[in-house]
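Given next are the chains, with one letter for each unit.
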Amino acid sequence: MAAKTVPAVAAKGLDAEGFIEREGSLGRVPHPFRPVVAAARDRVLDLFGSRLHSAYLYGSIPRGTARVGRSDLDLLLALKDEPTEADREDVQTLGKTLDEEFPQIDGVGTLLYSRTLLLSELERHDMGWFVACLCTPLLGDDLAEYLPRYRPDSLLARETNGDLALLLPRWRERIEAADSAETRSRLVRFMSRHLVRTAFTLVMPRWNGWTSDLAEMAEVFAAYYPERADQARTAAVLGGSPSADTAVLRTYVDDLGPWLADEYTRVHGTKTPRP
């Protein structure tokens, strides 16, 4: 049973009317990362030209919290038409090139979607919310202008992270296939972050606020589920400084992940199925 306590972290991230404020801005990009952002902007435009509707930054770089040599460059690209497999391969190549050229980043992650999908009703409270609240415009017409404002409610919680139960079997397959310390370390980083964010959105409506800081997310969750507090705090640390320990990954898919998936379903229900 969840404890009825007041979180140590005060609720924040909302405007005066209770809507989630958009985080990040180009003005917050730390100086060492500005050449990376400029190169990414120019090359994305060269790559897609008139097919590009808009491009965005997200993650630690536009929030101003990126660490040189430790943080990755996160991009979201919206095309006017549906992306092809060739488009996805081109984006992968672009990411590898940027990663090799700029030592201040540790990898590039690029999400590639069509404008139609991002504005669809199905994605309204998932990828639509992501663009409107967590993405910083870099190029083109900002899709946030066509999307609603969002509150930290149960609907948003369900549609953003209510699919953990579906993800766990895939995670187990990826763990089995991990054949190097580098691969395991990347999995620990990815799964740690995903689980902390899911733990946070589980309690987000009760906390009535928003944060993207992993440590704060863990502390908010810990106030409502003290029996799982240590696991959340440890995952938050590993999300920033991952190990290559297979035992950590096993704990995620055999203990914390299944418990969190069940509790999420009990509290918020399951995410609307995707095609």
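Our subject is the structure that appears above.
Residues numbered from 1 in each chain as written. Predicted model: local features only at pLDDT ≥ 70, side-chain atom pairs only at ≥ 80, totals over all residues. Heavy atoms only, no water.

S.K.: For this particular structure, what's the right way to read the packing of helix α6 (residues 154-161) against helix α11 (residues 246-268)?
M.R.: Relative orientation and spacing of two packed helices are given, respectively, by the angle between their axes and the distance between those axes. The contact between α6 and α11 brings their axes to 10 Å, and the two run at 145°. The handedness of the crossing between α6 and α11 is left-handed. Residue-level contacts link S154, A157, R158, T160 and N161 of α6 to Y264, V267 and H268 of α11. Taken together, the residues of the contact of α6 with α11 break down into three nonpolar, four polar and one charged. (Axes fitted to C-alpha atoms, helices over the stretch in contact; angles between N-to-C directions. Helix = DSSP H or I, 4+ residues; strand = E, 2+ residues; numbered from the N terminus. Left-handed = near helix turned anticlockwise from the far one by under 90°. Contact = heavy atoms within 4.5 Å. Nonpolar A, V, L, I, M, F, W, Y, C, P; charged D, E, K, R; others polar.)

S.K.: What am I meant to see in the packing of aromatic side chains here?
M.R.: Two aromatic rings, taken as a pair, are described by how far apart their centres are and by the angle between their planes. Considering all chains together, one arrives at eight aromatic pairs under this definition. On the basis of an interplanar angle of 70° and a centroid distance of 5.8 Å, the ring pair of W171 and F190 is categorised as edge-to-face. Here W171 is found in helix α7 (residues 164-177), whereas its partner F190 is found in helix α8 (residues 181-207), with 19 residues between them in sequence. The exposure class of W171 is buried, given its relative accessible area of 2%. (Phe/Tyr/Trp six-rings, centres within 6.5 Å; stacked < 30°, edge-to-face > 60°. Buried < 20%, exposed > 50% of the residue type's maximum accessible area, 1.4 Å probe, protein only.)

S.K.: So what exactly am I meant to see when it comes to empty space enclosed by the protein here?
M.R.: Gaps left between atoms show up when a probe the size of a water molecule is rolled over them. Inspection of the entire model under this criterion finds one cavity of 30 Å³ or more. Its boundaries defined by the atoms lining it, the largest cavity holds a volume of some 30 Å³. Around the largest cavity, the lining residues are L195, V196, A199, F221, A232, A235 and L256. A per-element tally of the lining of the largest cavity places α8 first, with three residues. Of the residues that constitute the lining of the largest cavity, the class distribution is seven nonpolar, no polar and no charged. (1 Å grid on protein atoms, 1.4 Å probe; cavity = no way out; pocket = protein on both sides within 12 Å on 5 of 7 lines; lining within 4 Å. Points joined across faces, edges and corners; volume = space filled by probe spheres on them.)

S.K.: Explain the pairing of strand β2 (residues 73-79) to me, please; I cannot follow it from the model alone.
M.R.: Look at any regular strand and the pattern is simple: side chains alternate between the two faces of the sheet. Within β2, seven of the seven residues are buried, which leaves it mostly tucked inside the rest of the structure. Taking every second residue as pointing to the same face, both faces of β2 are buried, with L73, L75, L77 and L79 on one and D74, L76 and A78 on the other. Pairing analysis gives six bridges linking strand β1 (residues 52-58) to β2, with the strands arranged antiparallel. Paired with S54 across the strands is A78, a residue of β2. Alignment of β2 against strand β3 (residues 108-114), held across seven bridges, turns out to be parallel. In the strand pairing of β3, A78 is matched with Y113. With helix α3 (residues 85-101) bridging β2 and its parallel neighbour β3, the resulting β-α-β unit is right-handed. (Pairing = 2+ DSSP bridges. Right-handed = clockwise from strand over helix to strand, strands pointing away.)

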